[in-house]
Amino acid sequence: MKPDRDDERLEAWLQQFELRAPRPLPGKPRPQARRPAVAIAALAAMVLIAISLMTWRGRMKSPGPQQATQQPAQTPAGDEISFAQLSRIARQEPEKLDSHLDRLSAKLLPDVRSGEGVLNRLSRE
Amino acid sequence: MAVKLTYEDVRDLYGQHGPALLAYGTSLLGERAAAEDVLHQVFLKLLGMDKRPEDARPYLFKAVRNRCLNAMRGGSRLTSLTEDADGAEWLVKPAGMVEAGLDVEKAMRELPPEQREVVVMRIWGRMTLAEAAAVLEISENTAASRYRYALSKLRGLLQGSTK
């Protein structure tokens, strides 16, 4: 199908109008820049400061020496035993480990057989 | 040989085909800003492609068309241009041609969308009717018929302006 003269004339007339250009493409995607060492050091310093502050505040909130003495002395200092000590006993004197654990449990855990123990209360209910 | 596109390649293609694609997208969506968004999506997607399209122009028109149709299916865009659509201008109007340019845009708005898109592809996209038909997935005869009807209607609408 051949365009007639009128069509050609109209095409040429329309083509004289230029088109608007679209807004530019978004910028070239950049590879992620490496964080400078200074920024990392600053971040580490901030974390350290935050941890120090939290520790200090925690100490400020903890009970003073007078309050501490009012607490029931369930575990006298002499009887306290650390996990390190337990580990050492387990390695060197495994046969005594059970007795150590029993002694610790008796001091640390509530006595369920006493008059006000949980089991007695439950049995009464 | 197929070569992966760099950002500079994409930017060149954008400079070369962007204006015609913007006119085409605006003719479909009725809103230039929305058409620009579509163009950006299409061109930035080229960056992720392993191969450069063999024939960029029809490929880009088709990509823009598909995205515009998807946007229209989403119901968020107009399918026909309205006179008060401020953002629907897509022609540069040089001094002394402002009125005529506005008349062209107005006349284009009055075309049925399927005729309007053939006109944009043929007149401003500088595509052959065979290329336009391939983009629209219609026969060349159908594209030619739409184009002739559109020109006939435009001639009537622009009678005063073309003299």
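So, how was this worked out
- Residues numbered from 1 in each chain as written.
- Chains lettered and ligands numbered in written order.
- Predicted model: local features only at pLDDT ≥ 70, side-chain atom pairs only at ≥ 80, totals over all residues.
- Helix = DSSP H or I, 4+ residues; strand = E, 2+ residues; numbered from the N terminus.
- Buried ≥ 20, exposed ≤ 12 C-beta atoms within 10 Å, placed from the backbone.
- Contact = placed C-beta atoms within 7 Å.
- Nonpolar A, V, L, I, M, F, W, Y, C, P; charged D, E, K, R; others polar.
- Expected span 1.5 Å × (residues − 1).
- Bend = angle between axes of the 7 residues up to and from the residue.
- Axes fitted to C-alpha atoms, helices over the stretch in contact; angles between N-to-C directions.
- Parallel < 35°, antiparallel > 145°, perpendicular 65-115°, else oblique.
- Core = buried A, V, L, I, M, F, W, Y, C linked by C-beta atoms within 7 Å.
- pLDDT = per-residue confidence, 0-100.

A. Structural view of the overall build of chain A. From N to C terminus, chain A includes six helices and zero strands. Reading the secondary structure of chain A in the N-to-C direction produces α-α-α-α-α-α. When burial is assessed residue by residue, chain A has 2% of its 125 residues classed as buried.

B. Spotlight on the interface of chain A and chain B. The interface of chain A with chain B comprises 18 residues on the first partner and 25 residues on the second. For the side of chain A that touches chain B, the class distribution of residues is 10 nonpolar, one polar and seven charged.

C. Molecular detail of helix H1 (residues 7-29) of chain B. Over its 23 residues, H1 of chain B runs only 27 Å from end to end, short of the ideal 33 Å by more than 12%, given 1.5 Å per residue. Maximum bend of H1 of chain B: about 55°, positioned at His-17 of chain B, with proline Pro-19 of chain B one to four residues after it.

D. Examining the environment of Glu-8 of chain B more closely. Along the chain, the position of Glu-8 of chain B falls in helix H1. Taking the C-alpha atoms as reference points, Glu-8 of chain B and Leu-47 of chain B, 39 residues apart in sequence, are found 9.8 Å from one another.

E. Layout of the packing of H1 of chain B against helix H5 (residues 113-124) of chain B. Residue and element names in this part refer to chain B. One can describe the packing of H1 onto H5 by two numbers: an axis separation of 10 Å at closest approach and a directional angle of 170°. By the angle between their axes, H1 is roughly antiparallel relative to H5. Together, Ala-20, Ala-23, Tyr-24, Ser-27 and Leu-28 of H1 and Pro-113, Arg-116, Glu-117, Val-120, Met-121 and Trp-124 of H5 make up the contact between the two elements. Taken together, the residues of the contact of H1 with H5 break down into eight nonpolar, one polar and two charged.

F. Expanded view of unusual backbone geometry. All names here are of chain B. Located in the positive-phi region is Arg-126, a residue other than glycine, with phi close to 55°. The phi angle at Glu-137 is positive, at roughly 55°, despite the residue not being glycine. Within the fold, Glu-137 resides in the loop between helix H6 (129-136) and helix H7 (140-157).

G. Structural detail: the nonpolar core. Residues and elements named next belong to chain B. Judged by nonpolar contacts, the single largest core of 48 residues is most densely connected at Tyr-24 and Val-64. Broken down by secondary-structure element, the contributors of at least two residues to this core are H1, helix H2 (32-47), helix H3 (56-73), helix H4 (98-109), H5, H6 and H7. Of the residues forming this core, the biggest block, 10 residues, is contributed by H1. In contact with Val-64, not counting residues within four places along its chain, are Leu-21, Tyr-24, Gly-25, Val-38, Leu-39 and Val-42.

H. View of helix H5 (residues 94-108) of chain A. For H5 of chain A, spanning 15 residues, the distance from its first C-alpha to its last is 21 Å, which sits close to the expected 21 Å at 1.5 Å a residue. For H5 of chain A, a buried count of zero out of 15 residues is recorded, marking the element as mostly open to its surroundings.

I. Molecular detail of the environment of Val-120 of chain B. Residues and elements named next belong to chain B. Along the chain, the position of Val-120 falls in helix H5. Classification of Val-120 as buried rests on a count of 26 C-beta atoms within 10 Å. Taking C-alpha positions, Val-120 is 8.9 Å from Leu-21, a pair spaced 99 residues apart along the chain. Beyond its immediate stretch of four places on either side in the chain, Val-120 contacts Ala-23, Tyr-24, Ser-27 and Gly-125.

J. Local environment of the confidence of the model for chain B. All names here are of chain B. Within chain B, residue pLDDT values average 87, and 90% of them lie at 70 or more. Across chain B, element-level confidence peaks in H7 with a mean pLDDT of 96 and bottoms out in H4 with 90. Below a pLDDT of 50 lies the segment residues 77-84, which in the model reaches 18 contacts outside its immediate sequence neighbourhood of four places, other chains included. Scored as a whole, the predicted complex attains pTM 0.61, and scored at its interfaces, ipTM 0.83.

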